[in-house]
Amino acid sequence: MFKKLRFKTFLSVCVLSFVTALSFGQTGRAKYNFNPAWKFVKGDVEGAQALNFDDSKWQAVTLPSAWNEDSAFKVLINNLPTGIAWYRKHFKLPKGSENKKVFIEFEGLRQAGEVYLNGEFIGRHEDGIMAFGFDLSNKLNYKGDNVIAVRVDNSWDYREKATNSRFQWSDRNFNANYGGINKNVWLHITNKLYQTLPLYSDLQTTGVYVYAQDFNIDAKTATVHVESEVKNETGKAQTFGFEVEVKDADGKVVKTFKGENQNIAAGATATVKALAPMQNLNFWSWGYGYLYTVTAKLTQNGKVTDEVPVVTGFRKTAFKNGMVYLNDRVLLMKGYAQRTTNEWPAVGQSVPAWLSDYSNHLMVESNANLVRWMHITPWKQDVESCDRVGLIQAMPAGDSEADVTGVRWEQRVKVMRDATIYNRNAPSILFYESGNESISEAHMAEMKAIRDKYDPHGGRAAGSREMLDSKVAEYGGEMLYINKSANIPMWATEYSRDEGLRKYWDEFSPPYHKDGDGPLYKNESAAVYNRNQDSHAIEDIVRWYDFWRERPGTGKRVSAGGVNIIFSDSNTHHRGAENYRRSGEVDAMRIPKDGFYAHQVMWDGWVDVEHFRAHIMGHWNYKAGVVKNIYVVASGEKTELFINGKSKGFGERSSDFLFTFKNIAWEPGTIKAVTYSKDGKVLAEDEIKTAGEPVALKLTAMTHPDGVKADGSDLILAQVEVVDKDGNRCPTALNMINFDLSGEATWRGGIAQGPDNYILSKNLPVEGGVNRVFIRSSTNAGNIKLFAKSEGLQSAELNFKSVPVKVTDGLATVFPADGLKGKLERGPTPAGPSYKNIRKTLEIADITAGSNQSEARLSIDDNELSAWGNDGNLNTAWISYQFKDAARIDGVQLKLNNFRTRTYPIKISVDGNTVYEGVTARSLGYIDIPVKSTVGKSLKIELKALNSGKDDSNIQEEMGGKKLDDGIGGDDANKKGVLKIIEAEVYQNL
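Throughout, a residue's number is its position along its own chain's written sequence, starting from 1. For this predicted model, a pLDDT threshold of at least 70 governs which residues receive local features, and a threshold of 80 or more governs which side-chain atom pairs are given and counted, while totals over whole chains, interfaces and linings are taken from all residues. Derived side-chain values reflect all non-hydrogen atoms in the structure, with water molecules and hydrogen atoms excluded from consideration.

The next point concerns the overall build of the protein chain. The helix count covers DSSP runs of H or I at least four residues long, the strand count covers runs of E at least two residues long, and both are numbered beginning at the N terminus. Looking only at helices and strands, one finds seven helices and 57 strands in the protein chain. Taken over C-alpha atoms, the radius of gyration is set against a globule rule of 2.2 Å times the number of residues to the power 0.38. Computed over C-alpha atoms, the radius of gyration of the protein chain comes to 30 Å, within 12% of the 30 Å expected from 2.2 N^0.38 for 990 residues, which places it in the range of a compact globule. Expressed as lengths along the three principal axes of its C-alpha atoms, the size of the protein chain is roughly 95 × 75 × 55 Å. Accessible area is worked out with a 1.4 Å probe on protein chains only. A residue is then buried under 20% of its type maximum, exposed over 50%, and partly exposed in between. Residues classed as buried in the protein chain amount to 64% of the 990 residues present. Pairs at least 24 apart in sequence give 74% of the contacts found in the protein chain among residues at least 6 apart. Entry remark: accessible area of the protein chain is about 35600 Å², with carbon and sulfur atoms responsible for 46%. Computed over 122 positive and 123 negative side-chain charges, the inter-centroid distance for the protein chain is 2 Å. Contact criterion: two residues are considered in contact whenever any of their non-hydrogen atoms come within 4.5 Å of each other. Shrake-Rupley sampling with a 1.4 Å probe provides the accessible areas, and residues are treated as covered by the protein chains on show and by no other component. Working convention for charge: Lys and Arg count positive, Asp and Glu count negative, and His plus the chain ends are omitted. A charge is said to be at NZ when it belongs to Lys, at CZ for Arg, at CG for Asp and at CD for Glu.

The next thing to look at is the packing of helix α6 (residues 533-548) against helix α7 (residues 594-602). Fitted lines through C-alpha atoms serve as axes, helices being fitted only where they are in contact, and the angles separating the N-to-C directions of these axes extend from 0 to 180 degrees. Two elements in contact, α6 and α7, have axes separated by 8 Å at closest approach and are oriented at 30°. Here α6 lies roughly parallel to α7, going by the angle between them. Between α6 and α7 lies a crossing whose hand is right-handed. On α7, the residues that touch Gln533, Ala537, Asp540, Ile541 and Trp544 of α6 are Asp594, Gly595, Ala598, His599 and Met602. A per-class count over the contact of α6 with α7 returns five nonpolar, three polar and two charged. Comment on the angle field: the value is read as roughly parallel under 35 degrees, roughly antiparallel over 145, roughly perpendicular from 65 to 115, and oblique elsewhere. Helix crossings fall into two classes, left-handed where the near helix is turned counterclockwise from the far one by less than a right angle and right-handed where it is turned clockwise. In this classification, the charged set is Asp, Glu, Lys and Arg, the nonpolar set is Ala, Val, Leu, Ile, Met, Phe, Trp, Tyr, Cys and Pro, and all remaining amino acids, among them Gly, are polar.

Relative to the assigned elements, Arg339 resides in strand β23 (residues 333-339). Expressed as a C-alpha distance, the spacing of Arg339 and Asn175, which sit 164 residues apart in the sequence, is 7.5 Å. In this structure, Arg339 is in contact with Phe174, Trp373, Met374, His375, Ser570, Thr572 and Arg581, ignoring residues within four places of it in sequence. Two N or O atoms form a polar contact when they lie within 3.5 Å of each other; inside protein one atom must be a possible hydrogen donor and the other a possible acceptor, and for residues adjacent in sequence the pair counts only when both atoms belong to side chains. Side chain to side chain, Arg339 and Thr572 meet in a polar contact 3.1 Å long.

Read from one edge of the open sheet, four strands run β30-β31-β35-β34, paired in antiparallel fashion. At either end of the open sheet lies a strand with only one pairing partner, and these are β30 (614-616) and β34 (652-654). Taken pair by pair, the neighbouring strands of this sheet meet at an average axis angle of 25°, ignoring direction. Strand pairing follows a simple DSSP-based rule, namely that at least 2 bridges must link the two strands. Across three bridges, the pairing between β34 and strand β35 (residues 658-665) is antiparallel. Within β35, the residue paired with Glu652 across the bridge is Thr660. Here α7 sits on the sheet and contacts β30 and β31 (627-634); the angle it forms with β30, its principal contact strand, is near 160°.

With that settled, the discussion passes to the side chain of Glu767. Positionally, Glu767 belongs in the loop between β43 (763-765) and β44 (770-777). Any carboxyl oxygen of Asp or Glu that lies within 4 Å of a side-chain nitrogen of Lys or Arg is treated as forming a salt bridge with it. The buried charged residue Glu767 lacks any salt bridge, with Arg502 as its nearest oppositely charged partner at 4.1 Å. For Glu767, the side chain forms a polar contact with the main-chain nitrogen of Gln753, separated by 2.8 Å. Sequence-distant contacts of Glu767, that is, excluding residues within four places in its chain, are made with Arg502, Lys503, Ala733, Leu734, Ala752 and Gln753.

Spelled out as structure tokens, the structure:
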């Protein structure tokens, strides 16, 4: 199992191309990497904005760079250092810049920044989320030295200058505070007739917009539209042409087309358009990050005078019938609610683009198709990364845990507007999330209006968390609970938030952690937040099954899926023993836990399983005499276990995917699981061999595909394993590893359980036989050597030679994402349906009820915020559903009020004949009632005895101090004669 993820070692030396002297091409437009050659100091230094200020003793840094990165995962989120820091950069403009426009684009910073150029204040940015930029043209020295200075304040309680209001998303629970200029910075130089940048708040401009319409997926055709905002600052009227060039993923020109010639007055702004049908298109899809480069060009007198390349993809979407459609195929949403900071130990969120691809592609490797970034808009680098790896995104604006009003709502609207404009060409964004809680219909309409104004053709749904009865939202879904719909898609916005440390395999493996052991959380048991790997993975399976059983094909009303919180362990709010959240399916260094493989098995298909898998949880290196349950997650109908070739029988199946083999005695050798179809056909298998005694260390490395860039920002992710004589990982090893680094790199290290989580330490242990560390390149190209040793084991080393990156006068033409290509492993959207209908919903013609007859239809109205209930008297606690014609009834499904906290003793009869009698189970939404299959024209549900009453003692308080609702509010919490049905459905199997 330890070889399931393959790691590439890039030790070759390659030379990146660059221009030896910066100058302009024929178009008169250039974009430069503005990340190199910054200086930094912590503290509020008087006069640091001045042109001639002496910054010679400041620390040299390459952006992006959070000044408090050393504390990432070392301290609690609310203890991350805050305060004032200054960044300064000296630069010169390239030859030929005179009489041109110059813009700076910051992809973001945390929290607020005041920007100065040559000693003059040019602007302020305060939301801590979005990209921003300024026109530098009138304050530049075009022939000499320029200095840009940025004063950054990352105080948790920073208040917006104009309103004195805090930003709701500057939250000590979920938004890890990595302060400073923690995202990329670019410099743009253009002619004075130019296409604008998508930086609305500061420049009031929207840039280029690319989209497709008139899709024919089977024929691989669509009409491609390009709209570009053009500004004329030449001082006189201009006439220009508009041309578009489309290149495929291999860089081949596959289409050119033109718009009409345009006249534009001096000082005016205009939008120009062009469109053309295209054939043989490769449509962007899940796990198929096929991207085109669409270049919008302005021409005058037969020459190109301005061009803007947009890397984008084309796909068709629809949101209807309770489902999500991608390229005309239904896709069940499966993925993760991930912290937008997407952070790493001792680095925070400021990682090179290739590492963003590595992390986000791991989600796709687990067979996730969706990442819901939590609370705030993701960094542009992650947006573009998801485009490349084929991972759908839900993009929020900025919020905390509730709808807001006044200034705070205006702040959220502003972020959504800016984010929509900035990210609207990203094919991976399918959802615009307006809130982490339900918002009012008026607010939802306001957010939709932003989408309709700035991204009317992007094929994206506007919605929010919850919105169960909204007439405006285009998708919704609760946290933890199961929702269904026949109208807009409802997918769970976060579920399965239990925590578990990767170090803990099970109770039989070193360090022998008892499942659930750990401190209390808010004076209550935190056992579910201190799980072992096996227990955590089982919980993942059980929780996913709640959504899987309501998938498309199971009736008229369906679940559209859900996202597990979270993908990687996070330096944010936690409930377990460590000082960071361990809910991830991979740890903070992206080493998989068993839950990763569980999802890989369960999620391998668009809806129904299309590729069968099996995974044995844990390892096979126990002590003699150990007898334990073996758990296998598999997608077949039955699964058999073998030890050293001898069958141990078939496992007990639960939650469709979990197979339990009880009381298996360990013996050294090979354990193997085989999963079969109903008729006994082998579908998939997995095996683990007992590793031998530890004898050596093994080092492997992950880097940028083109090698390590000597830019002061690139990272090497090095993995160390303890292995036996055959190179097999020793899964129970906990050896201390001592590292030594020499050459043109600096140490960043990794994470492990222990003092300060071993952050920045060159001595840290493996856990489960493996760990990882970071090395950061310097700005000098040269040799790098990493050496690892451990007592009693053969040492290991890695050698690299970093690649030079040319920087001229503070500007570079090599960009972090250069050389990163789209991931195409899953292939294009498959043909044919993605699911099989296994049952149908019987249509109800009429309803009678023991009381409150006028509300009876609320029990079947496809609205989970309405319900029918009786008047509290036991003799009126019944409801009867009549069908137009007699039909075979094979199943009944109910969503009862207080589904999580109350039980109901009920009787169900068909045409007067009892088909079920029992007590309903507590659930996270819907329960299936095992009725006897019967033909009839009516079905009656009645309460036979008093219900249990509402008991929410086992529901923990949320961060805001409230407990989650589990149904419809009202005054019946203690009324035991109440039968209240939120939704009832009657099924016939197919």
